[in-house]
Amino acid sequence: MIKIQFSNGKIIYNNDSVLSSYQKFAPFYRAVGKKRGHFSCQVKFLEKIIRQYSINQNVLDASCATGDVLNEVADTFEEINFFGTDGCVELINQTISLKNFNRINFNKCYWSDLSKFFKKDFFNLVFLLGNSISHVDSIETFHKILDNISFIMEKGGFFVFDMRPWEINVIKESFNEPKGSGSNSLFFTNNGILIKYISSYKYLDNRHYLIHEIYNMKTDDFIEKIELSFFDFSECDLGEILISHGFDIIRKYEDYEDYPFLAYLIKKQ
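The structure presented is a predicted model; accordingly, all values stated were derived computationally and were not measured. (Residues numbered from 1 in each chain as written. Predicted model: local features only at pLDDT ≥ 70, side-chain atom pairs only at ≥ 80, totals over all residues. Heavy atoms only, no water.)

**Quick notes on the overall build of the protein**
Formally: In this description a helix means any DSSP run of H or I spanning at least four residues, a strand means any run of E spanning at least two, and both kinds are numbered starting from the N terminus. Between two residues, a contact is recorded if the distance between any of their heavy atoms is within 4.5 Å. For the accessible areas, the method is Shrake-Rupley and the probe is 1.4 Å, while residue cover comes only from the protein chains on display.
Helix and strand content of the protein: eight helices and eleven strands. The contacts in the protein between residues at least 6 apart in sequence include a share of 67% that link residues at least 24 apart. Surface accessibility of the protein: about 12,300 Å² in total, with carbon and sulfur atoms responsible for 47%.

Listed below in structure tokens is the structure:
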């Protein structure tokens, strides 16, 4: 296993509100991801890509959160060196409980700092799943992230990212619940407490917002409110942007029954 040492680095764009939201989300994140089925559908999606494109060396999850997806994928591909980074230390700290923690290199690192901490042309595959990349504050920031991703990827390497198909989400109000029944409410147990988790949506200033309210289901006491913000890419020509950064679009996934996000698989020229 290759080990790389990281320092905390600094954010070069304004992402403080996103990190603050995930700090509040951290105590519930793993339970929500498992209940929704997001973790399991990402694992299946990634395993298919790794097999189809013979990925066999270095793989980075650049928004790994609690690391549950990498943990599952590492079980299947023992020959691959896996790395996980995230900007939220409260999420990263939870990776220590994972079965494959000692096999995976988990560290705190912002997207803006990837090119500082990893060698040039190092990765076969980099991925940002769970609508992570849409947290960017602007299209300029998106360009900066693509520059960082391109720097650390080898020529011919692959990058996978996804986004919510918002038009479908808003019409159906399903919020991409792969195991759900189309409801925007979830019920689950978190640290022994029965939780009611309600999501609502709003659109403001070229951004999508998901507002999550968490209640103690037994007492109906309010526990936490989490607001997550996502850039609206609908007016952007993603194909043109990706090509301008030296990527070819290999496939655009819109198989929402199989994977409930709009996903792009791109390749470094």
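**A look at the environment of Asn71**
Position of Asn71 among the secondary structure elements: in helix H3 (residues 68–76). Along the chain, Asn71 and Phe101 lie 30 residues apart, while their C-alpha atoms are 7.4 Å from each other. Residues in contact with Asn71, not counting those within four places in the same chain, are Leu98, Lys99, Asn100 and Ile104.

**Some points on the packing of aromatic side chains**
The criterion, for reference: Put simply, two rings from Phe, Tyr or Trp (the six-membered ring, in Trp's case) pair if the centres are within 6.5 Å, and we call them stacked under 30 degrees between planes, edge-to-face over 60, tilted for the rest. Remark: exposure states derive from per-residue accessible area (1.4 Å probe, protein chains only) relative to the maximum for the residue type, with buried under 20%, exposed over 50%, and partly exposed in between. Throughout this description, the term charge over a ring refers to an Arg CZ or Lys NZ atom that lies within 6 Å of the ring centre and within 35 degrees of the ring normal.
Throughout the structure, instances matching the rule amount to 26 aromatic pairs. Ring geometry for Phe188 versus Tyr197: centroids 6.1 Å apart, planes at 55°, classification tilted. The buried category is assigned to Phe188, whose relative accessible area is 9%. By the ring-pair criterion, three or more aromatic residues cluster together here, those being Phe142, Phe159, Phe161, Phe231, Phe233, Phe247 and Tyr264. Between the NZ or CZ atom of Lys202 and the centre of the ring of Tyr209, over which it lies, the distance is 5.1 Å.

**A look at the nonpolar core**
Our working definition: To define a nonpolar core, start from buried Ala, Val, Leu, Ile, Met, Phe, Trp, Tyr and Cys residues and group those joined through side-chain atoms within 4.5 Å.
Membership of the largest hydrophobic core comes to 54 residues, with the highest contact counts inside it found for Phe25 and Phe82. For this core, the element with the most residues is helix H1 (residues 16–36), which contributes nine residues. Counting 33 residues, the second largest nonpolar core, distinct from the first, contains Phe123, Phe142, Leu146 and Ile149.

**Topic: the sheet that holds strand S6 (residues 185–190)**
The condition is simple: Paired strands, in this sense, are two strands between which DSSP finds at least two bridges. In this analysis an axis means a line fitted to C-alpha atoms, helices contributing only their contacting stretch, and an angle means the value between N-to-C directions, from 0 to 180 degrees.
The strand order across the open sheet formed by four strands is S6-S7-S8-S9, and the pairing between neighbours is antiparallel. Looking at which strands have only one partner, the edges of the open sheet turn out to be S6 and strand S9 (222–231). Averaged over all neighbouring strand pairs, the angle between strand axes comes to 25°, with direction disregarded. Of the pairings in the sheet, the one linking strand S8 (residues 207–216) to S9 comprises nine bridges and is antiparallel in character. Bridging from a neighbouring strand, Ile211 pairs with Glu227 of S9.

**Side note on the environment of Gly33**
Note on placement: Gly33 falls in helix H1. Once the C-alpha coordinates of Gly33 and Gly130 are considered, the two residues, 97 residues apart in sequence, prove to be 9.7 Å apart. For Gly33, the residues in contact, after removing those within four places along its chain, are His38 and Phe39.

**Regarding the sheet that holds strand S11 (residues 262–268)**
What holds strands together in a sheet is hydrogen bonding between their backbones, with the strands either parallel or antiparallel. If you walk across this open sheet you meet the seven strands as S3-S2-S1-S4-S5-S11-S10, and the pairing is mixed. Each having just a single partner strand, strand S3 (104–108) and strand S10 (247–253) make up the two edges of the open sheet. Taken over all neighbouring pairs, the strand axes of this sheet differ in orientation by 15° on average, direction set aside. Note that strand S4 (residues 123–128) and strand S5 (residues 153–163) share five bridges and pair parallel. Considered in S5, the bridge of Phe127 is made with Val160. Its contacts with the sheet put helix H6 (residues 139–152) on strand S1 (58–61), S4, S5, S10 and S11, and the angle it makes with S5 is roughly 140°.

**So, the pattern of salt bridges**
For clarity, the cut-off: The rule for a salt bridge is simple: a side-chain nitrogen of Lys or Arg has to be within 4 Å of a carboxyl oxygen of Asp or Glu.
This structure, assessed with the given rule, holds eight salt bridges. Taking the shortest distance from any N to any O, the salt bridge between Asp113 and Lys116 comes out at 3.1 Å. What makes Lys116 exposed here is its relative accessible area of 56%. Between Arg251 and Asp255 there is a salt bridge; the shortest N-O distance is 3.1 Å. The exposure class assigned to Arg251 is partly exposed, which follows from its relative accessible area of 32%.

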